[in-house]
Amino acid sequence: MSLYRNTIWFLNGMHQYTRSGYEAASQNFEPQDLDVSVVGRSFMVTGANSGIGKATAMAIAKKGGRVHMVCRNKDKAEEAKGDIIHESGNTEVYVHIVDLSESRKVWEFAEAFKKQYPSLHVLVWTVQQRIYHLSDICPLSITLGMYLLTESLIPLLQKSREPRVITVSSGGMLVQKLQIDDLQSEKGYFDGLMVYAQNKRQQVVLTEQWAKEYPDIHFSVMHPGWVDTPAVSQSMPQFHSMMAQRLRSPEQGADTVVWLALSRAAGGTRSGKFFQDRKAVPTHLPLAWTRSSTVEVLTFISQLEMLAKAVQAKPTEVLRDQVV
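Residues numbered from 1 in each chain as written. Predicted model: local features only at pLDDT ≥ 70, side-chain atom pairs only at ≥ 80, totals over all residues. Heavy atoms only, no water.

Here's the deal with the pairing of strand 4 (residues 122–125)
Filter applied, for reference: Per-residue accessibility, obtained with a 1.4 Å probe over protein chains only, is compared with the maximum for each type, and a residue is labelled buried under 20%, exposed over 50%, and partly exposed between these values. The way it works is that DSSP assigns letters per residue, a run of H or I at least four long becomes a helix, a run of E at least two long becomes a strand, and they are numbered from the N terminus. Here, strands pair whenever DSSP counts at least two bridges between them.
Of the two faces of strand 4, both are covered, the one formed by V122 and V124 as well as the one formed by L123 and W125. Alignment of strand 1 (residues 42–46) against strand 4, held across 3 bridges, turns out to be parallel. From the neighbouring strand, F43 faces strand 4, where its bridge partner is V122. In the sheet, strand 4 pairs with strand 5 (residues 164–168) via 4 bridges, with the strands oriented parallel.

Okay, here's the thing in structure tokens:
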């Protein structure tokens, strides 16, 4: 079954996920969808110092939005901030330094942000953990960081007009079924690519659940296609070299993120959907046996809730050995 999933996924990818796939899909885009001004609206973009995150932050700034860049590396973040301000002419760009794999720090940041800022209209989760780092940390900490940040910011989002949460996932999640008996990938051989795909499946499941739990917020998750980013070139150098001429630009990869964050058309779609090139697409391949039961999904959410409570209750140094 794994061979079947991988084969179908790759064949689909060659047709849809490449630069030519984007160019073909974009023929059906409505240009006026992004003819908008978002002056007065606040956006938080994680991983905003490079790749899809930077392209997203740049596009939002050009439309007048207030951008909060959440990044790990201060120097790279400040450099990206300078680029965004210079190119957009928008000075409302702010840098927040947070390592999103350190769960306690993520929660503390979100709690402090709520006290400092009166509103947040859109949360965009674009951080793409490099695959070769996954063996150095608990893989679940990536999903847990997303869970903590989003859950903590829900009250602030709910106070804002037309709130949205967008998550950049990956088509790689299509080859994975949600695994609830090994959330921290401790059993068997460690395969960074498969762990990464499992994290992305978790993000899709979370988005679907949040859409049910918080109907006053529009949730969406998307696949950017195969994009030429630093994360891809450093994590998968062979794939990057083989596909270099076919990879999408960061701006092409970010297009659907920006559309989901800014356009009225996106706001009118059903919450909880998975998007590719501005269209809702299935979250499972045909006959791939990757669907989860309601019990499995609720078990996964329950496990995350317990870990989140542990993060909030215990000091950082104790947590590091448990979930970070």
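Considering the pattern of salt bridges
Definition in use: For this document, the term salt bridge refers to a Lys or Arg side-chain nitrogen within 4 Å of an Asp or Glu carboxyl oxygen.
As enumerated under the stated definition, the model contains 11 salt bridges in all. One salt bridge in this structure joins D277 and R248, with 2.8 Å as the shortest N-O distance. Placement of the pair is D277 in the loop between strand 7 (273–276) and strand 8 (279–280) and R248 in the loop between helix 9 (237–243) and helix 10 (250–262), with a sequence separation of 29 residues. With relative accessibility at 1%, the residue R248 sits in the buried group. Here R278 makes a salt bridge to D255, at a shortest N to O gap of 2.9 Å. With R278 in the loop between strand 7 and strand 8 and D255 in helix 10, this pair connects stretches of sequence that are 23 residues apart.

Some thoughts on the pairing of strand 1
Where we set the bar: Handedness of a crossover is defined as follows: orient the strands so they point away from the viewer, and if the path from the first strand over the helix to the second runs clockwise, the crossover is right-handed.
Along strand 1, 5 of the 5 residues are buried, which leaves the element largely enclosed by surrounding structure. Judged by which residues are buried, strand 1 turns out to be covered on both faces: S42, M44 and T46 on one side and F43 and V45 on the other are all buried. Relative to strand 2 (residues 66–71), strand 1 runs parallel, the two being bridged by 5 bridges. For V45, the partnering residue across the bridge sits in strand 2 and is M69. What joins strand 1 to strand 2 is helix 3 (residues 51–62), and the crossover it makes is right-handed.

So, the packing of helix 5 (residues 103–116) against helix 6 (residues 140–158)
For any two helices packed against each other, the geometry comes down to the angle between their axes and how far apart the axes lie. Selection criterion: Lines fitted to C-alpha atoms define the axes, with helix axes restricted to the stretch in contact, and inter-axis angles between N-to-C directions lie between 0 and 180 degrees. The labels follow the angle: roughly parallel below 35 degrees, roughly antiparallel above 145, roughly perpendicular from 65 to 115, and oblique for the rest. Should the near helix be turned anticlockwise from the far one by less than a right angle, the crossing is left-handed, and should it be turned clockwise, the crossing is right-handed. Here a residue-residue contact requires only that any non-hydrogen atoms of the pair lie within 4.5 Å. Ten residue types, Ala, Val, Leu, Ile, Met, Phe, Trp, Tyr, Cys and Pro, are classed as nonpolar, four, Asp, Glu, Lys and Arg, as charged, and the remainder, Gly among them, as polar.
Relative orientation of the contacting elements helix 5 and helix 6 amounts to 15°, with a least axis distance of 9 Å. One element, helix 5, and the other, helix 6, form an angle in the roughly parallel class. The way helix 5 lies across helix 6 gives a crossing that is right-handed. Judged by residue contacts, S103, V106, W107, F109, A110, E111, F113 and K114 of helix 5 engage S141, L144, G145, L148, L149, S152, L153 and L156 from helix 6. In terms of residue class, the contact of helix 5 with helix 6 is built from 10 nonpolar, 4 polar and 2 charged.

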